[in-house]
Amino acid sequence: MIQCAFKLPNGTVLRNRLVKSAMSEALGDRFNNPTQGLVNLFARWSKGGAGLLITGNTPVDRCHLEHAGNFVLDCQSDMARARQLATAAKSGGSVALVQLAHAGRQTPELINPHPLSMSSLRLNLPGFGTPKVATESDFEDVVRKFTKSAALAKEAGFDGVQIHAAHGYLLSSSLSPRINTRDDRWGGSLKNRARLVLAVVRAVRVEVGDDFILATKLNSSDFQKGGFTHEDSIEVAKMLQNEGIDFLEISGGNFEAPASYQYKTKQSTIEREAYFLDYARDIKAVLNIPVMVTGGFRSALVMNNALSSGATDLIGMGRPFIVDPEFPTKLLNGSIEMAPAVERDFPPAEELPRNAALNWFCHQLALHGENGDSDIAVSVIDGHENYLAAIKFLTDRFLAARVL
Ligand SMILES: Cc1cc2nc3c(=O)[nH]c(=O)nc-3n(C[C@H](O)[C@H](O)[C@H](O)COP(=O)(O)O)c2cc1C
């Protein structure tokens, strides 16, 4: 049942099974430190009742942001602000993790025209440059950066980190034979393609110790021809377990094949809600560490069925937390039966500009930062356009503040 407490392998007890999965908030200031708006939002989410909160993706390298508004954890970070964020995220009784990421070839071109990647294969979307192919010393640097950021997350007072190895960012792309076309020890066989992710996880574990939560987010599949498959995912899950992670979150897709935040799906999926649940079930069957699955969960009935069927241990959700930060308490005490699912009323994606539905949610996060609340009366198109304008503003501000 979603109300039941859950003990992670490192001994940390989550007060229930509901987890806010990572959502990139774009609420960093011009030096990529948390704004007061971000701190306030995490305090609200913590009081909202979830067992676990995971921050939006937090780059380990300022040259490889996912966008200009990211909160970055590196040696230039304002640790007083990072501490405030950790304190806020734990203030209402949630356990709090930082999601550490390196955007790799999904770094916007304006931020880095030649981002580090496994090969020179450019993202097949406008606004992304031709990557620089990583060398041995680049890989060492990437491992060092993840390790440093994890140490800073611990110093700031977070309970753990989640290594982002999903959604097409550097670590996820290293697993994909479509993007990772290398013929050295970092490419080719699955063992070689998993080398970077495992090196990061291993180094972070050594740095933070066994008491600190170390989780990983992994694609169930890239859903791309020639990409990382479900069979690959099952094997990598076992390798990650051997590295001593505390739990594995299952998602899917990347920028080119955006599968992680679906909203118009076939009837059978609407009823089942969680579109990666069957993949998670296969992965959990070969593991003895906890599994979390994210994507589509909305009704308490479906969540409880997923838990009691043994397909997952934790229920990850994203978009409902934006619409109503207090929904977990209501779902847990039975005053609502479903988390908000406003996206179900959006027009079909084919009738909207690319990413409009996602950008509407990003705009709502910006409203939380500015006004302390969302405003679901904003139309999908207005939300989309407002977010595009906000990202342009954040990028110009970032570039003006950047010291090269
Ligand atoms: C606005 C927004 C930002 C997101 N940012 C991230 C992110 O930074 N890291 C990540 O792993 N997933 C990110 N996601 C994906 C969510 O973690 C989650 O997998 C997805 O929203 C599906 O869950 P849901 O159906 O409960 O919303 C984001 C999703 C949204 C809507």
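See above for the structure.
Keep in mind it's a predicted model, so treat the numbers as computed, not measured.

A. Here's a closer look at empty space enclosed by the protein. By the definition in use, this model includes one cavity of 30 Å³ or more. Of the pockets and cavities examined, the largest cavity occupies roughly 50 Å³. Lining the largest cavity, in full, are S24, E25, A26, L27, G28, L38, G56, N57, H67, G69, N70 and F71. Class assignment for the residues of the lining of the largest cavity results in four nonpolar, seven polar and one charged.

B. Quick look at the environment of D278. Assignment of secondary structure puts D278 in helix α9 (residues 277–285). Through-space distance from the C-alpha of D278 to that of L110 is 38 Å; in sequence the pair is 168 residues apart.

C. Structural view of the environment of K154. As for its placement among the helices and strands, K154 is situated in helix α3 (residues 136–156). On the accessibility criterion, K154 (40% relative accessible area) is partly exposed. It is 7.7 Å that separates the C-alpha atoms of K154 and F212, two residues lying 58 residues apart in sequence.

D. Broad picture of helix α10 (residues 300–308). Among the residues of α10, those classed as buried are A300, V302, M303, N304, A306 and L307. Backbone geometry just downstream of α10 places G310 in the positive-phi region, at approximately 80 degrees.

E. A look at the site of the ligand. As a structural note, the neighbourhood of the ligand is formed by 22 residues, with A22, Q99, G296, G318 and R319 the closest of them. A distance of 2.8 Å is found between a nitrogen atom of the ligand and a side-chain nitrogen or oxygen belonging to Q99. Residue G318 places a main-chain N or O atom 2.8 Å away from an oxygen atom belonging to the ligand. Look at the ligand: alone it shows 600 Å² of surface, and the protein chains cover 97% of it. Listed by contribution, the elements that provide at least two residues to the shell around the ligand are α11 (319–323) and α13 (356–371).

The rules behind these values
Residues numbered from 1 in each chain as written. Predicted model: local features only at pLDDT ≥ 70, side-chain atom pairs only at ≥ 80, totals over all residues. Heavy atoms only, no water. 1 Å grid on protein atoms, 1.4 Å probe; cavity = no way out; pocket = protein on both sides within 12 Å on 5 of 7 lines; lining within 4 Å. Points joined across faces, edges and corners; volume = space filled by probe spheres on them. Nonpolar A, V, L, I, M, F, W, Y, C, P; charged D, E, K, R; others polar. Helix = DSSP H or I, 4+ residues; strand = E, 2+ residues; numbered from the N terminus. Buried < 20%, exposed > 50% of the residue type's maximum accessible area, 1.4 Å probe, protein only. Near = heavy atom within 4 Å. Polar contact = N/O pair within 3.5 Å; in protein donor to acceptor, adjacent residues only side chain to side chain. Areas by Shrake-Rupley, 256 points an atom, 1.4 Å probe, with all protein chains shown as cover.

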